[in-house]
Amino acid sequence: MAEDKREPDWYLALMAPNTRGPEFCWLDPTAMYRHAEAFHQCIADMTKDFNPDEIDLVAGIDAAGYVLGAAIAFHLKKGFLAIRKYGHLPSEVDDVSFKDYSKREKRMEIRKNAFRPGTRVLIVDQWIETGGSMTAAVELVERQQGIVAGISCVCIEEQERAKKLMEKYKCVSCVRSKELQAQVNAHDLESFKTYKPL
Ligand SMILES: O=P(O)(O)OC[C@H]1O[C@H](OP(=O)(O)OP(=O)(O)O)[C@H](O)[C@@H]1O
Ligand SMILES: Nc1ncnc2[nH]cnc12
């Protein structure tokens, strides 16, 4: 078999740059999900540092976290918990208010009795920018006496609240090198210079 000469996080170069101007700071990992090998490698990398025997349930954050969370739940043979934007679940809920990168007040919710106390939950999202969404998700899980078994995202920016999460929980991202991490923090990847839509 031919030796794989690619960098371990080669597939992150398939993320599309933001072309909607400075008000919209998103990079677009969904561009990468279209590539079968890239998406599968991404899911493998988001899970490889976790022992499946130490996870009972995978939770994904509405909306981009659903794509990855559901794939990871399937990969690890676990169930999936939807952490929803507020006002969508047709059941009794626990909810929490928070601010994210948009600086707007937001709310998210999970159903009451979402799992038994002591359940070990892996929380999955596409991205941590300010850490507002992930911190809120952790609060919802812990309020129902869940144990946060870990946090897994494609990219985690090194901002204040994200650093606090990293101190307290096992956090995994697909970014392997310091160079790429710095580019992620700056929302500007070297690969954007040569990025070509499929
Ligand atoms: O660390 P933060 O500053 O909280 O930002 C991260 C969140 O922002 C995005 O969600 P968003 O609700 O904007 O979009 P989505 O519905 O497409 O997932 C992303 O998927 C994370 O959930
Ligand atoms: N900069 C960013 N890129 C991609 N997804 C994001 N979600 C929040 N911030 C993001």
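Computed from a predicted structure; not experimentally measured.

A. Region of interest: the nonpolar core. Ranked by size, the top nonpolar core spans 31 residues in total, and within it Leu-12, Leu-68 and Val-154 carry the most contacts. Mapped onto this core, the elements with two or more residues apiece are α1 (30-33), α2 (36-47), α3 (64-76), β5 (120-128), β6 (147-156) and α6 (178-185). Residue contributions to this core peak at five residues, all from α2. In contact with Leu-68, other than residues within four places in its own chain, are Tyr-33, Phe-39, Cys-42, Ile-43, Met-46, Val-124, Asp-125, Gln-126 and Val-154.

B. Fine view of the sheet that holds strand β2 (residues 79-85). An order of β3-β4-β2-β1-β5-β6-β7 is seen for the seven strands of this open sheet, with the pairing classed as mixed. Each end of this open sheet is capped by a strand with a single partner; those strands are β3 (93-99) and β7 (171-172). Where β2 meets strand β4 (residues 105-111), two bridges bridge the pair, whose relative direction is antiparallel. Across the sheet, Arg-84 pairs through a bridge with Glu-109, a residue of β4. The strands touched by helix α4 (residues 132-143) are β1 (57-61), β2, β3, β4, β5 and β6; relative to β3, the strand with the most contacts, the crossing angle is about 155°. The strands touched by helix α5 (residues 160-168) within the sheet are β3, β5, β6 and β7, with β6 carrying the most contacts at an inclination of about 135°.

C. Representation of the environment of Ser-91 within the structure. Assignment of secondary structure puts Ser-91 in the loop between β2 and β3. Put simply, Ser-91 and Val-124 are 33 residues apart on the chain and 23 Å apart in space, counted from C-alpha to C-alpha.

D. Examining the UniProt feature "domain: Phosphoribosyltransferase" (unreviewed entry) in the protein more closely. Mapped onto the present numbering, the UniProt feature "domain: Phosphoribosyltransferase" (unreviewed entry) falls on residues 35-177. The distance from the first to the last C-alpha atom of residues 35-177 is 22 Å, and the span holds 32% helix and 33% strand.

E. Expanded view of the pattern of salt bridges. Tallying each qualifying case throughout the model produces nine salt bridges. Of the charged contacts, one joins Lys-48 and Asp-45 as a salt bridge, the two residues approaching to 3.3 Å between their closest N and O atoms. Residue classification places Asp-45 among the buried residues on the basis of a relative accessible area of 5%. Its salt-bridge partner being Arg-84, residue Asp-62 comes within 3.7 Å of it at the nearest N-O pair. Highlighted residues: Asp-62 in the loop between β1 and α3 and Arg-84 in strand β2, separated in sequence by 22 residues. By relative accessible area, Asp-62 is classed as buried at 15%.

F. Structural detail: the layout of surface pockets. The volume enclosed by the largest pocket comes to roughly 490 Å³. What lines the largest pocket is a set of 29 residues, among which Trp-26, Asp-100, Tyr-101, Asp-125 and Ser-133 lie closest to the centre. Breaking the lining of the largest pocket down by element, the ones donating at least two residues are α3, β2, β4, β5 and α4. Here the lining of the largest pocket is built from residues that sort into 13 nonpolar, seven polar and nine charged. Approximately 190 Å³ is the volume found for the second largest pocket. For the lining of the second largest pocket, the class distribution of residues is six nonpolar, three polar and five charged.

What counts as what
- Residues numbered from 1 in each chain as written.
- Chains lettered and ligands numbered in written order.
- Predicted model: local features only at pLDDT ≥ 70, side-chain atom pairs only at ≥ 80, totals over all residues.
- Heavy atoms only, no water.
- Core = buried A, V, L, I, M, F, W, Y, C linked by side-chain atoms within 4.5 Å.
- Buried < 20%, exposed > 50% of the residue type's maximum accessible area, 1.4 Å probe, protein only.
- Helix = DSSP H or I, 4+ residues; strand = E, 2+ residues; numbered from the N terminus.
- Contact = heavy atoms within 4.5 Å.
- Pairing = 2+ DSSP bridges.
- Axes fitted to C-alpha atoms, helices over the stretch in contact; angles between N-to-C directions.
- UniProt positions renumbered as here; feature names shortened; annotations may be inferred.
- Salt bridge = Lys/Arg side-chain N within 4 Å of Asp/Glu carboxyl O.
- 1 Å grid on protein atoms, 1.4 Å probe; cavity = no way out; pocket = protein on both sides within 12 Å on 5 of 7 lines; lining within 4 Å.
- Points joined across faces, edges and corners; volume = space filled by probe spheres on them.
- Nonpolar A, V, L, I, M, F, W, Y, C, P; charged D, E, K, R; others polar.

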